[in-house]
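Coordinate analysis (summary)
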Protein chains: 2
Amino acid sequence: MIKVITSKNNERVKFAYSLKENKNRKIHQMFLAETFKSLQMALANNMVVEIFATEYVDAPSEIPQNLVSEEVLKKLSSNVNPEGVVFIAKMKQYEVSNPNKILYLDNISDPGNMGTLIRTALAFDYDLVVTSENCVSIYNEKVINSSKGAIFQIPVITGQLKDYIGTHQILVTNLSKKAVDFNSIEIPEKFVLVLGNESHGVSKEIIKLATTEIIIPIKNIDSLNVAIAGGILMNKIH
Amino acid sequence: MIKVITSKNNERVKFAYSLKENKNRKIHQMFLAETFKSLQMALANNMVVEIFATEYVDAPSEIPQNLVSEEVLKKLSSNVNPEGVVFIAKMKQYEVSNPNKILYLDNISDPGNMGTLIRTALAFDYDLVVTSENCVSIYNEKVINSSKGAIFQIPVITGQLKDYIGTHQILVTNLSKKAVDFNSIEIPEKFVLVLGNESHGVSKEIIKLATTEIIIPIKNIDSLNVAIAGGILMNKIH
């Protein structure tokens, strides 16, 4: 099913464009993504609904494909120089049985940080990413872009930390005196690594649930960027 | 010297605004920065030329200070919700004698990555950051913002990797078969850690200069974000 679209006012283009808003993403349980690499990863996980590309893309024939003008592509893309493909993906409801390695994100507000943390969790073979209700939407285009396709490969759910108490060690990053150097801890078999908001760190209610508070020893400056801290910790704790 | 400015067309405001362009930054050897924390770090390093703030800021009286309207502040700020202070800083010419720990950035194009890498280099007590000619300008406002004031505290220069051959071990990140797991290397006393472009990695000419090619073992995905890779490597190699 290949159609040619040259008008920005085409109904399919207007529908795809509407997914730039969180409200519409929620209604339709779909979101926009782009780049060929992300498309590949999304295809491999059966998450592609419809493709908009400037040249024919190799994809299963049952997935509607639209050949679009540069102008239409630019309208749908969130990049200044789009790669040539934008696609609609469907949200996936994950049920992860018995995850061992979990990343919990508490009130992460920057989409670049969020996407990068999801990408890094996939790279260190985490089983699950859980985000608090007040995190930036994982379907925000900037999150999708900076996840570099990881969003299609690692389960990400919205959830509560308390669901993992008793079964998992809760390792919470916190710049407190109580916190221990992360290099000195033993890696538990089942754990949740908790990272917090860019300005305020992990919230007090969440810190209370910690089995261990951990810290990365640094000099000269108060803190690391949260995605960098996450990378350093996940490289060791996985 | 405190002046009150309410017009966006005031000469000092227009001059400060002109520093948003690289061309003007080069001519005047000055750049724009913001947030109270950055101001503190810039003051401590005698780099503040002039302050624009919505309320009086505690700073040496010889530094011109302008009390400005919200409207003026918003014009000068690059943030959607500015903190209340923007300032002009002067570029510093660094002469770093005998640096041991150097971060070399080859063609880094994303300002967020650049700023974060500078912040992380400061946190792990590096002596010097050297950027290749084709990196994004370190005085780009997004670089300054994401460095979180580190730009005022760690020497950053534009330079060439070949200047460190013979004196320093050259550790180059490269996704090649020749590359060794970074966990297995001994930390040299004098080294340059080299990170490369977001899409293309370190350039071929630079890889040729490597003493050792290193890699971070990951799974499921081709690569890490360059700032994350930098964080993981600097945490170990410093």
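Residues numbered from 1 in each chain as written. Chains lettered and ligands numbered in written order. Predicted model: local features only at pLDDT ≥ 70, side-chain atom pairs only at ≥ 80, totals over all residues. Heavy atoms only, no water.

Section: the pattern of salt bridges
- One pass over the full model with this rule turns up 15 salt bridges over all chains.
- Across the pair Lys37(B) and Asp222(A) runs a salt bridge, and its minimum N-O distance is 2.8 Å. In this pair, Lys37(B) sits in helix H3 (residues 36–44) while Asp222(A) sits in the loop between strand S12 (212–215) and helix H8 (226–236), so the two residues belong to two different chains. (Salt bridge = Lys/Arg side-chain N within 4 Å of Asp/Glu carboxyl O. Helix = DSSP H or I, 4+ residues; strand = E, 2+ residues; numbered from the N terminus.)

Topic: the sheet that holds strand S2 (residues 30–34) of chain B
All names here are of chain B.
- Taken in spatial order, the five strands make up an open sheet running S1-S4-S3-S5-S2, and their pairing is mixed. Only two strands of the sheet have a single partner each, and these edge strands are strand S1 (2–5) and S2. Going from strand to strand, the sheet's axes swing by 20° on average, the running direction of each strand aside.
- Pairing analysis gives three bridges linking strand S3 (residues 48–53) to strand S4 (residues 65–68), with the strands arranged parallel. Note on S4: the bridge partner recorded for Ala 53 is Leu 67.
- On top of the sheet, helix H1 (residues 11–18) reaches S1, S2, S3 and strand S5 (85–90); it is set at about 115° to S3, its chief contact.
- Sheet contacts for H3: S2, S3 and S5; angle to S5, the most-contacted strand, approximately 30°. (Pairing = 2+ DSSP bridges. Axes fitted to C-alpha atoms, helices over the stretch in contact; angles between N-to-C directions. Contact = heavy atoms within 4.5 Å.)

Things to note about the sheet that holds strand S3 (residues 48–53) of chain A
Residues and elements named next belong to chain A.
- Taken together, five strands build an open sheet; the order of strands is S1-S4-S3-S5-S2 and the sheet is mixed. For this open sheet the edge positions go to strand S1 (2–5) and strand S2 (30–34), each flanked by a neighbour on one side alone. Mean inter-strand twist for the sheet, computed between neighbouring axes without regard to direction, equals 20°.
- Strand direction decides the pairing type here: S3 and strand S5 (residues 85–90), joined by five bridges, are antiparallel.

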